[in-house]
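# Chains, contacts and geometry: an overview
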Amino acid sequence: MNNVEKHVLIRNGTVVTPETVERTDVLIEGETIAAVGPALSVPAGARIVEASGLLVFPGLIDPHVHLREPGGEHKEDFTSGTCAALAGGFTTVLAMPNTQPPITDQETLARTLALAASKAVCDFGLFAGATADNATEVAGLGEAVGLKLYMGSSTGSLLVADLAGQVAHFEHYPGLIAVHAEDEEAVAHFAEQGTTQGQRRPPLCAALAVARALVLANHFQHRLHICHVTTGAELALIRDAKARGVPVTCEVTPHHLFLTGTDEARLGPLGRMNPPLRSREDVEALWANLDGVDCLATDHAPHTLEEKHSPTPPAGVPGLETALPLLLTAVHDGRLSLPEGVRLTSAGPAAVYGLLRKGHIAPGHDADLTLVDPDAEWSIGERSLFTRCGWSPFEGRKVKGRVERVFLRGQEVYAHGEVLARPGYGRAVVISRSR
Ligand SMILES: [Zn+2]
């Protein structure tokens, strides 16, 4: 990133949008996309990037990551996590507040935003976290991209399981509420039943919480986002609510699309996350109902191997560096179209969170572009990962499609296995308040 070019022409790439797949040029001017079209003329002094044979995606947006800073830097921090993002083709990540300390007030939000601004190599936004008694204070945190509300307990201390606490947040918070929808009473009820995470947190836990969140969103006409949907039952509830005009959106994760409960038996603690891996039938229901899903989210949640192999393994798996190759492999296998993949990974999350200038390859938008070789075949795990935890639940899986270059606001920030951006290049996203 030493030479700052005013113009960059990405030439002859196959540009993918939610509507089209088209061989065309993209002209970058400074931080912005200036033009998109075939055979664009080359401004004097422009750098030309030959993209023939490559797919050109809008820089991917991951609306659900855990970057562990502050408090968990031994497993990830803003630099290592955002390097993993760029290596996976993501140019924007929205980070969850269950850090130590958690982001629950003005002071923790300001301090964590400053950390991210000095250390991130990709663009970022931060969630605020709901607690039993911060409904008034958190409602004033305008710099957060949304409020994360844990209806059931997971990693960290954030939890608002009782109705009074949930109602207080729906009454006060002015923006989007993203829920971890597992019902705490159901989680407690099933906790001692069975030996796998899937048995201890059966689909009923999720469906109960989703139903309750939808009722609250409808009652308060409040913007709701359901994180990591894992079952057909949840999707049916959400589809029905959308049809009735409830302002709700939802996301799915790659691990819930590409792994099943059988994999948990094989992977042990490395296949454990909340909500857990599900049956083949539920995985098929997710694939069959992707049109009812608004975005893909990795729920990148790194833990060290030592922690994972301890007597009390924490829930969560990393995902930033494997999501796009898995999706492209699904495209190759005919399970997904390229436009659908782009809708789920850029236009979709940009729309859900109202991210200004993000998510589209169009004039006036940030020049965030991910260039991919769709034919490169490789095995996950054959080269080291940028995530500090250093492992993947998909290790050994053969995939087709490799990230070659990434541009973020006009700068080449990743190329051929190397992160070129320096810590501090990442910038906080701007949210449209009219969403
Ligand atoms: Zn999460």
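No experiment lies behind these values; they were computed from the predicted model shown. (Residues numbered from 1 in each chain as written. Predicted model: local features only at pLDDT ≥ 70, side-chain atom pairs only at ≥ 80, totals over all residues. Heavy atoms only, no water.)

## Points about the side chain of Asp294
Condition: The helix count covers DSSP runs of H or I at least four residues long, the strand count covers runs of E at least two residues long, and both are numbered beginning at the N terminus. Each residue is assigned to one of three classes by its accessible area relative to the maximum for its type, calculated with a 1.4 Å probe on protein chains only: buried under 20%, partly exposed between the two thresholds, exposed over 50%. In the analysis that follows, any N or O atom pair within 3.5 Å is treated as a polar contact, provided that within protein one partner can donate a hydrogen and the other can accept it, and provided that, for residues neighboring in sequence, both atoms belong to side chains. In this description, contact between two residues means that some pair of their heavy atoms is separated by no more than 4.5 Å.
Here Asp294 is to be found in the loop between helix H11 (280-288) and strand S14 (295-296). Overall, the relative accessible area of 19% leaves Asp294 in the buried class. At a separation of 2.7 Å, a polar atom in the side chain of Asp294 contacts the side chain of Lys242. Leaving out residues up to four positions away in the same chain, Asp294 has contacts with Lys242, Thr249, Cys250, Arg343, Leu344, Gly348, Pro349 and Val352.

## A look at helix H8 (residues 232-243)
Residues spaced three or four apart along an α-helix point in a common direction, a consequence of the helix completing one turn every 3.6 residues. Worth spelling out the cut-off: Multiplying one less than the number of residues by 1.5 Å gives the expected span of a helix. This arc corresponds to the set of directions leading from the helix axis out to the C-beta atoms.
When the terminal C-alpha atoms of H8 are compared, their 16 Å separation across twelve residues agrees well with the 16 Å that a helix rising 1.5 Å per residue should span. Among the residues of H8, Glu234, Leu235, Ile238 and Ala241 are the ones counted as buried. Looking straight down H8, one finds its buried side chains confined to an arc of 125°; they lie on one side. Looking at the buried side of H8, the elements it contacts are helix H7 (203-220), strand S12 (224-226), strand S13 (248-252) and H11. Immediately downstream of H8, the backbone of Gly245 shows phi near 90°, a positive value.

## Description of the pattern of salt bridges
Applied cut-off: Basic side-chain nitrogens of Lys or Arg form a salt bridge, by our definition, when they fall within 4 Å of a carboxyl oxygen of Asp or Glu.
Evaluated as defined, the whole model comprises 26 salt bridges. With a shortest N-O distance of 3.6 Å, Glu31 and Arg409 are connected by a salt bridge. Of this pair, Glu31 sits in the loop between strand S2 (21-29) and strand S3 (32-37) while Arg409 sits in the loop between strand S16 (398-408) and strand S17 (411-415), and the two are 378 residues apart along the sequence. Residue class for Glu31 comes out partly exposed when judged on its relative accessible area of 32%. Judged by relative accessible area, which is 3%, Arg409 ranks as buried.

## Brief notes about the coordination of the zinc ion
Octahedral metals with six donors have ideal donor angles of 90 or 180 degrees. Tetrahedral metals with four donors have an ideal donor angle of 109.5 degrees. Here is the rule we go by: Sodium, potassium and calcium take a 3.2 Å donor cutoff, other metals 2.8 Å, and in both cases only N, O and S atoms count; water is not among them, so sites may look incomplete.
At the metal site, the zinc ion is ligated by His64 (NE2), His66 (NE2) and Asp299 (OD), and these contacts range over 2.0 to 2.2 Å. Written as a sequence motif, the donor residues of the zinc ion are H-x1-H-x232-D. Of this pair, His66 sits in the loop between strand S6 (60-65) and helix H1 (78-87) while Asp299 sits in the loop between S14 and helix H12 (305-308), and the two are 233 residues apart along the sequence. Look at His66 and you get buried, because its relative accessible area is 6%.

## Overview of the packing of aromatic side chains
Stated formally: Only centres within 6.5 Å qualify two rings of Phe, Tyr or Trp (six-membered ring in Trp) as a pair; their planes then separate them into stacked at under 30 degrees, edge-to-face at over 60, and tilted for everything else. By the criterion adopted, a ring carries a charge over it if an Arg CZ or a Lys NZ lies within 6 Å of its centre and within 35 degrees of its normal.
Scanning the model with the defined rule gives three aromatic pairs in all. Between Phe258 and Trp287, the ring centres sit 5.4 Å apart and the planes meet at 85°, which makes this aromatic pair edge-to-face. Here Trp287 lies in helix H11 and Phe258 lies in helix H9 (residues 254-258), a separation of 29 residues in the sequence. Note on Trp287: relative accessible area 11%, which makes it buried. Lying over the aromatic face of Trp287, Arg335 brings its terminal NZ or CZ to 4.2 Å of the ring centre. In this structure, Arg409 is placed above the aromatic ring of Tyr425, and the distance from its NZ or CZ to the ring centre is 4.5 Å.

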